[in-house]
Amino acid sequence: MSLGVRWTLHGDGKIPAPGAVVRPDERLTWPRTFGLGAQHVVAMFGASFVAPVLMGLDPNLAIMMSGVATAIFLLATKGRVPSYLGCSLSFVGVAATIRASGGDSATVTGAVLVVGAALFLVGLAVQRFGARIIHAAMPPVVTGAVVMLIGFNLAPVTASTYWPQDQWTALAVMLFTGLAVVCLRGFLSRIAIFLGLVFGYVLSWVLDLVFGKIHSPAGGAEAVDHWRLDLSAVGQADWIGLPSFHAPAFEWSAILVALPVVIALVAENAGHVKAVGEMTGDPLDDQLGTAIAADGAASMLSTAVGGPPNTTYSENIGVMAATRVYSTAAYWAAACFALLFGLCPKFGAVVAAIPGGVLGGITVILYGMIGLLGAQIWLNGRVDLRNPLNLVPAAAGIIIGVGGVSLKITDNFELGGIALGTLVVITGYHVLRAFAPAHLKAEEPLLDAGTSTYDEKPGPEKI
């Protein structure tokens, strides 16, 4: 049985012919392939090493397990779906909520491990019954609303934790990152978040040299004098060593907060598979269930040892689109580089030293972009928000999720925020649909061939 680890040389292995693409089962020369792999690692750095820092987890372990997760994904899809799996930003709000209620890193990873298991089961169901079940249970109005409330639920984290640590650095980083995202082209635009982090890092170092310590909250409620950029831990860290592992812990309250993220992960994987299939010219609808299950299995393994969950990365799709090289050999090279980075504690110490003000500027844009992906799902799915069947559950769920509304069930158990908002969107939509008049439920038949035509643009005859 083929595992997709054999590649034929594309042409002379140097430069693809004009208009040609390097297919997943092809490769360039090995030096060029490893260079592309390094580029994929850099592309995912911007988000993949920020996410574990925001979640309070070990960035070294996150990078290492992203390499392991990528290898699992490539083996599971037999090399047909080129993809890098990095730390998912969708769980940042979940981690913040769990920690705010007294949970620790073990509680966070335990809750997320259950999400990985749920994602794995969804993948198996899609393999068995087809993508139709995703569209039936989670139509675009539901998926978009859940992704939106997950992103916007993070706003208080930026406002109360990161921004106050150094508001002027946060403002400068926000402006620089925004300009980088909009004005840069090609590969540089794909690593705009990473460039914003580097800019903020250097700016904080310069401000410390010029103005000395800053008097502000340093991750706590009280303002104290502290350095913007504290590199003391970097000098003490070893060059080579294993990251810190820990076992997960399971609490129902934390699990219920985390479970809604399954919807966002399913949407991310479906979008990734569709995009790669369109770029390579190889329809991959039959791989959707496998891709989802592989993502779930990789996340379970990562969280079982104390790492963060993983998901497919759009940044790496951008790299493929820019280079027209879809070789899975480059992703194997990227996975190897990630494993090596994970074995360097000094690298992790550099990442952990990112100043709070820098994270404040980055997260203003990053969290907003996550939330607005929900709006993009609505646009692609042609969701009509003039229809009260769509408007009412989406509106109610988003306000509950963003505002942190809670519902106390017993003295020791309550639903709130992301969990309650998601529950309201999903159950509200399907319950209202059961009682709604026929004219509000009129829609095109559900598709059974996959997700590739869900967002097909309407032709002139439909306008």
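Computed from a prediction, not measured in an experiment: that's the story for all the values here. (Residues numbered from 1 in each chain as written. Predicted model: local features only at pLDDT ≥ 70, side-chain atom pairs only at ≥ 80, totals over all residues. Heavy atoms only, no water.)

## Topic: the confidence of the model for the protein chain
Close inspection of predicted coordinates is inappropriate for parts of the model with low pLDDT.
Move 1: In this model, the protein chain carries an average pLDDT of 80, and 86% of its residues clear a pLDDT of 70 or more.
Move 2: In this model, residues 444-463 is a region of pLDDT below 50 whose contacts with residues beyond four sequence positions or in other chains number 32 contacts. (pLDDT = per-residue confidence, 0-100. Contact = heavy atoms within 4.5 Å.)

## Quick notes on the nonpolar core
Move 1: Ranked by internal contacts, the top residues of the largest apolar core, which has 90 residues, are Met-55, Leu-288, Tyr-367 and Trp-378.
Move 2: Here this core gets nine residues from one element, more than from any other, and that element is helix α14 (residues 261-280).
Move 3: One finds Leu-28, Leu-36, Val-325 and Ala-330 within the second-largest nonpolar core, a separate group that totals five residues. (Core = buried A, V, L, I, M, F, W, Y, C linked by side-chain atoms within 4.5 Å. Buried < 20%, exposed > 50% of the residue type's maximum accessible area, 1.4 Å probe, protein only. Helix = DSSP H or I, 4+ residues; strand = E, 2+ residues; numbered from the N terminus.)

## A short note on the packing of aromatic side chains
Move 1: Using the criterion set out here, one finds four aromatic pairs in the structure.
Move 2: Pairing Phe-34 with Phe-337 gives two aromatic rings, centres 6.3 Å apart and planes at 85°, and the pair type is edge-to-face. Of this pair, Phe-34 sits in helix α1 (residues 30-48) while Phe-337 sits in helix α17 (residues 328-342), placing them 303 residues apart in sequence.
Move 3: Relative accessible area serves as the criterion here: at 39%, Phe-34 is assigned to the partly exposed category. (Phe/Tyr/Trp six-rings, centres within 6.5 Å; stacked < 30°, edge-to-face > 60°.)

## Quick notes on a nonpolar patch on the surface
Move 1: Taken together, the side chains of Val-198, Val-202, Trp-205, Val-206, Leu-209, Val-210 and Phe-211 define a hydrophobic patch exposed on the protein surface, amounting to about 710 Å² of accessible area.
Move 2: Counting through the fold element by element, Val-206 comes out in helix α11 (residues 192-211). (Patch = residues over 30% accessible without salt bridge, like charges linked within 9 Å, V, L, I, M, F, W, Y side chains within 5 Å. Areas by Shrake-Rupley, 256 points an atom, 1.4 Å probe, with all protein chains shown as cover. Salt bridge = Lys/Arg side-chain N within 4 Å of Asp/Glu carboxyl O.)

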